[in-house]
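Below are the chains, spelled out letter by letter.
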Amino acid sequence: MSPADLADQAAGRFRARHGTDPEGVWLAPGRVNLIGEHTDYNFGWVLPFALDRGVVVAARRRGDELLDICSAQSAGQVSVPLPGLGPGAVTGWAAYPAGVAWALREAGWHVGGASLVIDSDLPQGAGLSSSAAIECAVAVALAELAGADVPRAELARLARRAENEMVGVPSGIMDQSASLLGEAGHALLLDCRSGQITPVPFDPAAAGLALLVIDTGARHALTDGRYALRRRECEQAARVLGVPSLRDVTDPARSAAIGDPVLARRARHVISDDCRVLAAADLLRSGDVAGLGPLLHASHASLRDDFEISWPQADVAAEAAERAGALGARMVGGGFGGSVIALVPADDAAVRAAVLAGYAGQGWPPPAFLAAPPSAGARRIL
Ligand code: GAF
């Protein structure tokens with residue numbers, strides 16, 4: 001669905017529910033991360049880009065201090081009083097939008113009550129940041145309704161704070177940055193220590209290629225505790241190496257100095273993926289999109305064998321895609337479910353057929369394929 005059609009649909013739902021037009025409709029896209037997985041909270045490097053699909057919020061200010069939220073993707077409606085709102089007060093899907101209002105107010109922005117109707121064309125649990133897209137769509141909507149000119153990087157920090165403290169997931173800053181700051185035709189090289197963001201041209205079509213997203217059908221949830229465990233393991237590994245964070249190590253071989261073999265593998269993944277991000281950004285700057293292929297392949301192997309967060313459908317999809325002509329393929333996002341990306345020839349029929357055949361051979365229902373053109377970040381649509 002086009003962003004305009006999705007916005008019209010959300011405005012229609014808003015009218016049906018509230019009997020009046022929304023003051024506006026805002027969209028925040030999901031993201032694909034080209035490379036650099038579980039590196040953001042280790043203060044390292046990532047290279048994501050914004051998708052052409054995402055979450056929209058139709059919104060109108062209210063005269064009271066209530067946040068009235070409903071979502072086309074979740075049953076029920078939630079009414080949240082803003083005064084006294086804090087971590088623990090709201091659970092489930094509504095914690096994401098309520099958390100954003102809380103974080104904005106905590107930071108001193110005068111955000112008042114609002115009615116919000118949320119809609120999305122982003123698959124949930126597919127590793128494409130549907131949660132961050134909700135946060136970011138609500139963030140841009142509430143800020144603009146309040147007349148608050150919040151810099152985008154600050155909005156990203158506040159949306160992340162909502163996720164960390166209201167939802168309780170210790171995620172990094174990558175997803176919110178990609179959703180709020182994405183640029184069409186570019187990936188973002190993000191230094192997660194300094195916060196510096198450098199757009200890097202990413203135009204696979206000009207190289208006769210495309211980036212194909214394969215939604216493996218296996219669902220993931222950052223809230224299930226396994227993501228948080230990986231983060232703790234990384235912090236432990238950094239302590240053993242005597243550095244503030246794994247970002248401070250640049251040679252993957254140093255991970256061998258960690259006695260515990262599990263922690264050593266976790267560290268080797270993070271350090272080597274940081275190296276791959278920087279190599280990928282250099283390749284893109286020199287226009288060598290095809291050169292990404294081996295880096296994607298190596299990143300998947302590292303996530304599967306060292307970080308141990310891949311899943312059977314991802315391994316089958318990535319292997320089948322590469323056998324059928326993909327230049328490289330890897331799982332994306334937090335892991336344990338979600339999507340695979342494959343750098344494919346513009347005519348990707350053979351890759352799709354091979355992945356479908358691989359799935360059929362396992363007796364799994366077919367995966368979904370999504371095109372992934374690098375697109376603009378969050379914006380007002382209506
Ligand atoms: C999830 C998190 F939200 C990100 O911060 C990042 O850590 C990612 O998993 C893994 O790279 O999307």
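Before reading on, note that the structure itself is shown above.
Calculation rules
Residues numbered from 1 in each chain as written. Predicted model: local features only at pLDDT ≥ 70, side-chain atom pairs only at ≥ 80, totals over all residues. Heavy atoms only, no water. Helix = DSSP H or I, 4+ residues; strand = E, 2+ residues; numbered from the N terminus. Rg over C-alpha atoms; globule rule 2.2 N^0.38 Å. Buried < 20%, exposed > 50% of the residue type's maximum accessible area, 1.4 Å probe, protein only. Salt bridge = Lys/Arg side-chain N within 4 Å of Asp/Glu carboxyl O. Phe/Tyr/Trp six-rings, centres within 6.5 Å; stacked < 30°, edge-to-face > 60°. Lys NZ or Arg CZ within 6 Å of the ring centre and 35° of its normal. Near = heavy atom within 4 Å. Polar contact = N/O pair within 3.5 Å; in protein donor to acceptor, adjacent residues only side chain to side chain. Nonpolar A, V, L, I, M, F, W, Y, C, P; charged D, E, K, R; others polar. Pairing = 2+ DSSP bridges. Contact = heavy atoms within 4.5 Å. Axes fitted to C-alpha atoms, helices over the stretch in contact; angles between N-to-C directions. Core = buried A, V, L, I, M, F, W, Y, C linked by side-chain atoms within 4.5 Å.

Participant: Go over the overall build of the protein, please, and point to the residues and values.
Facilitator: A count of helices and strands for the protein gives ten helices and 13 strands. Expected size for 382 residues packed as a compact globule is a radius of gyration near 21 Å; at 20 Å, the protein falls within 12% of this value. Principal axes of the C-alpha set define a box for the protein whose edges measure 60 × 50 × 40 Å. In the protein, buried positions account for 56% of the 382 residues.

Participant: Residue-level account of unusual backbone geometry, with values.
Facilitator: Although it is not a glycine, Phe43 sits at a positive phi angle of roughly 65°. By the secondary structure assignment, Phe43 is in the loop between β1 (24–33) and β2 (45–46). Residue Phe43 is classed as partly exposed on the basis of its relative accessible area, which comes to 38%.

Participant: Tell me about the pattern of salt bridges, residues and numbers included.
Facilitator: Scanning all chains against the criterion turns up 26 salt bridges. The closest approach of N and O atoms between Glu308 and Arg265, which form a salt bridge, is 2.9 Å. In this pair, Glu308 sits in the loop between α8 (292–305) and α9 (312–323) while Arg265 sits in helix α7 (residues 261–285), placing the two residues 43 residues apart along the sequence. Residue Glu308 is classed as partly exposed on the basis of its relative accessible area of 33%. Since its relative accessible area comes to 24%, Arg265 is described here as partly exposed.

Participant: If you had to explain the packing of aromatic side chains to someone new, which residues and values would you point to?
Facilitator: The relative placement of two aromatic rings is captured by the distance of their centres and the angle of their planes. All chains considered together, the criterion is met by three aromatic pairs. Pairing Tyr41 with Tyr227 gives two aromatic rings, centres 5.6 Å apart and planes at 75°, and the pair type is edge-to-face. One end of the pair, Tyr41, is in the loop between β1 and β2; the other, Tyr227, is in helix α6 (residues 226–241), and 186 residues separate them in sequence. Taking relative accessible area as the criterion, Tyr41 reaches 3% and is therefore assigned buried. Looking at Tyr227, the relative accessible area reads 6%, which means it is buried. Measuring from centroid to centroid gives 5.5 Å for Phe49 and Phe202, while their planes differ by 45°, and the two rings are tilted. Of this pair, Phe49 sits in strand β3 (residues 48–61) while Phe202 sits in the loop between β8 (197–201) and β9 (209–215), and the two are 153 residues apart along the sequence. This pair shows no difference in class: Phe49 is buried, exactly as Phe202 is. Just above the ring of Phe336 sits the side chain of Arg226; from NZ or CZ to the centre is 4.2 Å. When the ring centre of Phe307 is taken as origin, the NZ or CZ atom of Arg230, which lies over that ring, is 5.9 Å away.

Participant: Which residues make up the site of the ligand, and what are the values?
Facilitator: Taken together, 13 residues lie around the ligand, and Glu37, His38, Asp40, Asp175 and Tyr227 are the ones closest in. Arg31 places a side-chain nitrogen or oxygen 3.0 Å from an oxygen atom of the ligand. The residue makeup of the shell around the ligand, split by class, is four nonpolar, five polar and four charged.

Participant: Talk me through the sheet that holds strand β7 (residues 186–191); I want residue IDs and the actual numbers.
Facilitator: Whether parallel or antiparallel, the strands of a sheet pair through hydrogen bonds between backbone atoms. With antiparallel pairing, three strands are arranged side by side in an open sheet as β2-β7-β8. The open sheet has two edge strands with one neighbour each: β2 and β8. Bridging between β2 and β7 involves two bridges; their strand directions are antiparallel. Bridge pairing in β7 links Val46 to Leu190. Lying on the sheet, helix α5 (residues 174–181) is in contact with β2, β7 and β8; it crosses β7 at an angle near 140°. Each of β2, β7 and β8 touches α7; the most contacted strand, β8, lies at about 50° to it.

Participant: Tell me about the pairing of β7, and please be specific about residues and values.
Facilitator: Of all six residues in β7, five are buried, a share of seventy percent or more. Bridge count between β7 and β8: five bridges; the pairing is antiparallel. The residue bridging His186 from the neighbouring strand is Pro201, located in β8. Following β7, the chain reverses through five residues before pairing antiparallel with β8; Gly195 in that reversal takes a positive phi of roughly 85°.

Participant: I'd love a proper account of the environment of Gly293, names of residues and values included.
Facilitator: Checked against the element boundaries, Gly293 lands in helix α8. Through-space distance from the C-alpha of Gly293 to that of Gly182 is 22 Å; in sequence the pair is 111 residues apart. Excluding its chain neighbours within four sequence positions, the residues that come into contact with Gly293 are Leu327, Gly328 and Leu343.

Participant: Describe in detail the nonpolar core, supporting the description with residues and values.
Facilitator: The biggest cluster of nonpolar side chains holds 80 residues, and the ones touching the most others in it are Leu34, Leu47, Phe49, Leu67, Leu116, Leu142 and Phe202. When sequence neighbours within four positions are dropped, the list of residues in contact with Leu142 reads Leu67, Ala101, Leu104, Val111, Ala114 and Leu116. Among the nonpolar cores identified, the runner-up in size contains 39 residues, and Tyr227, Cys234, Phe307 and Ala321 belong to it.

Participant: Any details on the sheet that holds strand β12 (residues 368–371)? Residues and values, ideally.
Facilitator: Judged by pairing direction, the sheet is antiparallel, and its four strands sit side by side in the order β10-β11-β9-β12 without closing on themselves. A strand with exactly one partner marks an edge of an open sheet, and here the two such strands are β10 (328–331) and β12. Strand after strand, the sheet turns through a mean of 25° between neighbouring axes, direction not considered. Here β9 pairs with β12 via four bridges, running antiparallel. Looking at β12, one finds that Leu212 is bridged to Ala371.

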